[in-house]
Amino acid sequence: GKYVYKGSLKKLPLFGWMCRLAGDLPAERGDKTKIVAMLDQARDVLNAGYNVVVFPEGTRSPSGIMQEFKPSFFSICAELGCPAVPAVMVGTERAWPLSGMK
């Protein structure tokens with residue numbers, strides 16, 4: 001499968017290189033053209049029978065309370081007739097707060 005990750009993380013030497021080599025999908029905030037291209041690439045990955053892991057809130061919650069989901073990937077799953085399997089990561093606001101790592 002492929003992961004959708006925050007595009008700015010490409011700048012991190014080890015993590016960014018690993019994501020590029022793995023063919024993961026960067027989400028470039030504020031750049032609609034690149035977002036549309038990433039969504040098209042995600043469709044191709046799903047059509048090829050692979051999974052796409054996405055964090056549908058779009059960002060970490062500062063309080064730990066679940067935020068509204070972005071509809072893009074749910075729409076793609078509905079369009080392609082593939083399942084969307086929800087998963088939860090609990091405690092990320094403590095492990096990796098928006099103000100930086102502890």
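The preceding data block contains the structure.
It should be emphasised that the depicted structure is a prediction, and the values quoted were computed from it without experimental measurement.

Q: Just to check I follow, could you spell out the nonpolar core for this structure?
A: Burial of nonpolar side chains together is a common tendency in soluble globular proteins. With 11 residues, the main nonpolar core is built from Val4, Leu25, Ala27, Met38, Leu39, Ala42, Val45, Leu46, Val52, Phe73 and Ile76. At five residues, helix H2 (residues 32-47) tops the list of elements feeding residues into this core. Leave out the neighbours within four places in its chain, and Met38 touches Val4, Leu25, Pro26, Ala27 and Phe73.

Q: Would you explain the sheet that holds strand E2 (residues 25-27) in this entry?
A: Each strand in a sheet pairs with another by means of backbone hydrogen bonds, the pair being arranged parallel or else antiparallel. Sheet architecture is open: three strands sit in the order E2-E1-E3, paired in parallel fashion. The outermost strands of the open sheet, each flanked by one partner alone, are E2 and strand E3 (52-53). Bridging between strand E1 (residues 2-6) and E2 involves three bridges; their strand directions are parallel. Looking at E2, one finds that Val4 is bridged to Leu25. Contacts from H2 reach E1, E2 and E3, with the element oriented near 150° to E2.

Q: Is there a simple way to think about the pattern of salt bridges in this case?
A: Where side chains of opposite charge bring their charged atoms close, a pairing between them can arise. Throughout the structure, instances matching the rule amount to three salt bridges. Between Glu28 and Lys10 there is a salt bridge, with the nearest N and O atoms lying 2.7 Å from each other. Within this pair, whereas Glu28 is found in the loop between E2 and H2, its partner Lys10 is found in the loop between E1 and helix H1 (13-22), the two being separated by 18 residues in sequence. Here Asp40 and Arg43 are joined by a salt bridge, their closest N and O atoms 3.0 Å apart. Separated by three residues within a single helix, Asp40 and Arg43 lie in helix H2, roughly one turn from each other. When its relative accessible area of 23% is taken as the criterion, Arg43 is described as partly exposed. When salt bridges with common partners are traced through the structure, they connect Asp40, Arg43 and Glu79 into a single cluster.

Q: Mind showing me how you'd approach a nonpolar patch on the surface here?
A: On the surface, a cluster of nonpolar side chains totalling about 690 Å² of accessible area is made up of Leu12, Leu14, Phe15, Trp17, Met18 and Leu21. Tracing the backbone through its elements, the reader meets Trp17 in helix H1.

Q: How should the environment of Glu57 be read in this particular structure?
A: Here Glu57 lies in the loop between E3 and helix H3 (72-80). You can call Glu57 partly exposed: its relative accessible area is 21%. Sequence separation of Glu57 and Phe69 is 12 residues, and the distance between their C-alpha atoms is 4.4 Å. Beyond its immediate stretch of four places on either side in the chain, Glu57 contacts Ile65, Met66, Gln67, Glu68, Phe69 and Lys70.

What counts as what
- Residues numbered from 1 in each chain as written.
- Predicted model: local features only at pLDDT ≥ 70, side-chain atom pairs only at ≥ 80, totals over all residues.
- Heavy atoms only, no water.
- Core = buried A, V, L, I, M, F, W, Y, C linked by side-chain atoms within 4.5 Å.
- Buried < 20%, exposed > 50% of the residue type's maximum accessible area, 1.4 Å probe, protein only.
- Helix = DSSP H or I, 4+ residues; strand = E, 2+ residues; numbered from the N terminus.
- Contact = heavy atoms within 4.5 Å.
- Pairing = 2+ DSSP bridges.
- Axes fitted to C-alpha atoms, helices over the stretch in contact; angles between N-to-C directions.
- Salt bridge = Lys/Arg side-chain N within 4 Å of Asp/Glu carboxyl O.
- Patch = residues over 30% accessible without salt bridge, like charges linked within 9 Å, V, L, I, M, F, W, Y side chains within 5 Å.
- Areas by Shrake-Rupley, 256 points an atom, 1.4 Å probe, with all protein chains shown as cover.

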